[in-house]
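# Secondary and tertiary structure notes
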Amino acid sequence: MSSCCSEDHSAFSSAPKSSAASAEGKHLIILGGGGAAFSAALKASSLGARATIINDGLPMGGTCVNTGCVPSKTLLRAGEALHRAQRPSAFAGIETTGRLTDFAAVMRQKRELVESLRQAKYADVIADDPNIKFVRGRGRLVDARTVQVDSERFEGDAVLLCTGAQPAVPEIPGLRDVPFLTNESAFELTELPESLLVLGGRYIALECAQLFARLGSRVTILQRSSRILPQGSAALTDDLTRHLESEGLKIVTSVSVQRIRQDRSGVVIEALANGERAVFRGAQLLVATGRTPNSSGLGLENLGVKSDAHGFVSVDGHLATSVARIYAAGDVVGEPMFVYTAAYEGALAAENALTGAERTRDYTALPWVVFTDPQVAGVGLDEAQATAAGISAEAVNLTLSSVPRALAARDTRGFIQLIRNRETDRLVGARILAPEGSELLMEAALAIRHGITVSELAAAFHPYLTLSEGIKLAALSFGKDVSKLSCCAA
Ligand SMILES: Cc1cc2nc3c(=O)[nH]c(=O)nc-3n(C[C@H](O)[C@H](O)[C@H](O)COP(=O)(O)OP(=O)(O)OC[C@H]3O[C@@H](n4cnc5c(N)ncnc54)[C@H](O)[C@@H]3O)c2cc1C
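Residues numbered from 1 in each chain as written. Predicted model: local features only at pLDDT ≥ 70, side-chain atom pairs only at ≥ 80, totals over all residues. Heavy atoms only, no water.

Looking now at the overall build of the protein chain. Across its full length, the protein chain holds 14 helices and 22 strands. The C-alpha atoms of the protein chain give 24 Å as radius of gyration, which agrees with the globular expectation for 490 residues (23 Å, within 12%). Once the C-alpha set of the protein chain is aligned to its principal axes, its extents read approximately 65 × 60 × 45 Å. Accessible surface computed for the protein chain: about 22,000 Å², of which carbon and sulfur atoms make up 49%. (Helix = DSSP H or I, 4+ residues; strand = E, 2+ residues; numbered from the N terminus. Rg over C-alpha atoms; globule rule 2.2 N^0.38 Å. Areas by Shrake-Rupley, 256 points an atom, 1.4 Å probe, with all protein chains shown as cover.)

This is how it looks when you write it as structure tokens:
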């Protein structure tokens with residue numbers, strides 16, 4: 001059985017040291033019980049070692065299954081179903097209607113999914129494994145081999161810190177005096193907020209904003225930077241902004257929040273928006289301004305485990321901390337903060353800790369997704385990053401209106417951008433804004449990782465009419481005007 005995202009990633013790390021020792025009979029103490037921890041425990045067991053997972057705070061499985069990936073994605077789908085039903089159909093002769101009749105039922109169904117996945121992907125996965133023990137309790141390091149939980153001590157050959165991260169709450173006057181939601185409470189609401197102010201403009205903020213907007217809340221996004229998704233290219237974020245605004249979300253950028261207070265109608269935010277005084281009101285406030293590591297109270301300072309200025313545990317390429325025998329993996333070590341990278345790091349760190357293998361993290365061609373609709377997906381470098389890296393970069397943009405699948409679905413929102421190295425013709429990056437755009441990403445990711453050229457991508461068969469044909473068409477656009485091609489880009 002496999003836990004969430006814990007498949008073997010050994011091809012994505014350097015080979016083990018030839019002197020790597022056997023893990024047989026060793027014991028790994030894992031602090032935290034999310035994706036990184038479970039993957040580490042399963043790796044330890046597969047190597048013939050024992051693992052003890054110590055978890056507190058969030059239930060078993062940590063952020064992803066309980067308060068992150070799973071609840072957000074199923075609620076986004078619920079919102080999408082309602083949104084599609086409520087919008088006039090794009091197809092002639094078809095009338096649709098949709099209505100939210102029971103918000104509490106939507107949330108109940110979400111809770112059932114969370115519970116069943118927590119059981120199937122976490123509890124059941126370790127239930128029959130005699131090498132893995134799960135302990136409920138708050139752990140604290142005593143030394144590099146020992147963790148204390150209440151009055152009990154767990155001693156092993158090494159310790160792995162997988163304590164994750166939690167919502168960061170910015171220092172804004174008044175914020176801590178008003179009730180506010182985070183991803184840990186927003187997915188537990190039983191009543192839909194009539195209106196919602198969302199602080200933040202990165203992926204967690206945007207996904208939450210769209211799901212609540214589509215379920216019926218009036219949503220205003222307040223973003224400090226001049227753009228949402230500020231790390232993305234302007235084309236990507238401008239287009240996404242347009243699509244979100246077209247369905248009623250209000251997006252205000254360059255916002256500096258001055259003070260937050262509560263009145264009888266809800267939460268009031270006094271701010272400077274583009275330098276002008278502005279007041280925003282909402283029945284509820286959702287804070288999604290970033291993540292802060294769960295690294296305090298672990299006893300790190302006493303042992304000399306170094307952290308960065310934000311508290312993320314400092315690790316080297318092997319995920320070793322500054323103290324021998326103590327390793328760290330997942331959100332607690334900082335970006336990238338995804339469950340699939342947490343799982344990858346957990347397994348890698350467990351192997352290194354138990355065998356001394358010194359495998360190195362490798363994030364070449366790491367794909368990422370923002371699950372808004374349309375989705376934003378990326379891998380490798382964008383054009384500006386590639387140019388900055390000294391690559392002779394060339395980019396093409398293919399709008400979805402050139403992709404037969406999108407035309408047939410009558411949904412041509414978005415574009416596919418491919419970036420290649422002009423000198424080698426190799427793909428160096430892709431940026432996609434499209435409904436289900438994430439499903440297009442892996443072809444580009446594999447091409448980058450395995451040095452496949454754009455000409456090879458263009459020459460490969462892509463079934464007609466699939467969305468993936470868009471990748472072929474985009475690849476062809478480097479040398480051709482694809483609007484002049486017949487069916488199947490032949
Ligand atoms: C709203 C949201 C949506 C997301 N969506 C996605 C997505 O779609 N795809 C994706 O890949 N990623 C997504 N993520 C990110 C993903 O959830 C995290 O990157 C991942 O869960 C991190 O795993 P982890 O094991 O490092 O930490 P966590 O899962 O946070 O686990 C850490 C565990 O350790 C516990 N703990 C902390 N301190 C102690 C202590 N002293 N003793 C014992 N236990 C302790 C915590 O309570 C928690 O249970 C999302 C995150 C959020 C917030």
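Anyway, onward from the coordinates.
A few words on the packing of helix α3 (residues 69–86) against helix α6 (residues 203–215). In the contact formed by α3 and α6, the axes pass within 8 Å of each other and the chain directions differ by 40°. Remark: the crossing between α3 and α6 carries left-handed chirality. Contacts from S72, K73, L75, L76, A78, G79, E80, L82 and H83 of α3 reach α6 at E207, Q210, L211, R214 and L215. Its residues placed into classes, the contact of α3 with α6 shows 6 nonpolar, 4 polar and 4 charged. (Axes fitted to C-alpha atoms, helices over the stretch in contact; angles between N-to-C directions. Left-handed = near helix turned anticlockwise from the far one by under 90°. Contact = heavy atoms within 4.5 Å. Nonpolar A, V, L, I, M, F, W, Y, C, P; charged D, E, K, R; others polar.)

Okay, the sheet that holds strand β12 (residues 255–263) next. Spatially, β12-β13-β14 is the arrangement adopted by the 3 strands of the open sheet, whose pairing is antiparallel. Strand pairing shows two members of the sheet lacking a second neighbour, β12 and β14 (276–282), which therefore form its edges. Put simply, the sheet's adjacent strands are angled 20° from each other on average, direction ignored. Here β12 runs beside strand β13 (residues 266–273); their pairing, made up of 8 bridges, is antiparallel. Pairing of Q262 across the sheet is with V267, part of β13. (Pairing = 2+ DSSP bridges.)

Tallying each qualifying case throughout the model produces 5 aromatic pairs. Note on F38 and Y122: the rings are 5.0 Å apart at their centroids and 85° apart in plane angle, and the pair reads as edge-to-face. Residue F38 is found in helix α1 (residues 35–46), and its partner Y122 is found in helix α4 (residues 103–127); the two are separated by 84 residues along the sequence. Y122 matches F38 in its accessibility class, with the two residues each being buried. The interplanar angle of 45° and the centroid separation of 6.4 Å between the aromatic rings of Y203 and F338 together place this pair among those described as tilted. (Phe/Tyr/Trp six-rings, centres within 6.5 Å; stacked < 30°, edge-to-face > 60°. Buried < 20%, exposed > 50% of the residue type's maximum accessible area, 1.4 Å probe, protein only.)

A separate point is the state of the cysteines. Under the defined criterion, the tally for this structure stands at 1 disulfide. Each sulfur of the disulfide joining C64 and C69 lies 2.2 Å from the other. Because the sign of the S-S torsion sets the handedness, a value of about -130° for the bond joining C64 and C69 places this disulfide among the left-handed ones. Owing to a relative accessible area of 9%, C64 belongs among the buried residues under this scheme. Judged by relative accessible area, C69 falls into the partly exposed class, the value being 26%. No disulfide involves C208; its sulfur sits 12 Å from the nearest other cysteine sulfur, which is in C69. The class for C208 is buried, based on a relative accessible area of 2%. (Disulfide = S-S within 2.5 Å.)

Here we come to the side chain of S438. Residue placement: S438 occurs in the loop between β22 (427–434) and α12 (441–449). Leave out the neighbours within four places in its chain, and S438 touches V369, Q375 and A377.

Running from amino to carboxyl end, α3 crosses α4 at an angle of 140°, the nearest separation of the two axes being 10 Å. For the element pair α3 / α4, the angle class is oblique. Of the two possible hands of crossing, α3 and α4 adopt the one that is right-handed. Taken together, the residues of α4 that come into contact with α3 (itself represented by V70, P71, T74, L75 and A78) are V106, M107, K110, L113, V114 and L117. Here the residues of the contact of α3 with α4 are counted per class, giving 9 nonpolar, 1 polar and 1 charged. (Parallel < 35°, antiparallel > 145°, perpendicular 65-115°, else oblique.)

Turning our attention to the sheet that holds strand β18 (residues 368–370). To summarise the sheet geometry, strands pair through backbone hydrogen bonds and adopt either a parallel or an antiparallel arrangement. Across the sheet, which stays open at both edges, the 5 strands sit in the order β18-β19-β22-β21-β20 with antiparallel pairing between neighbours. The sheet terminates laterally at β18 and β20 (393–399), the two strands that pair on one side only. Averaged over all pairs of adjacent strands, the angle between their axes in this sheet comes to 10°, without regard to strand direction. By the bridge criterion, 6 bridges tie strand β19 (residues 375–380) to β22 in an arrangement that is antiparallel. From the neighbouring strand, G378 faces β22, where its bridge partner is R431.

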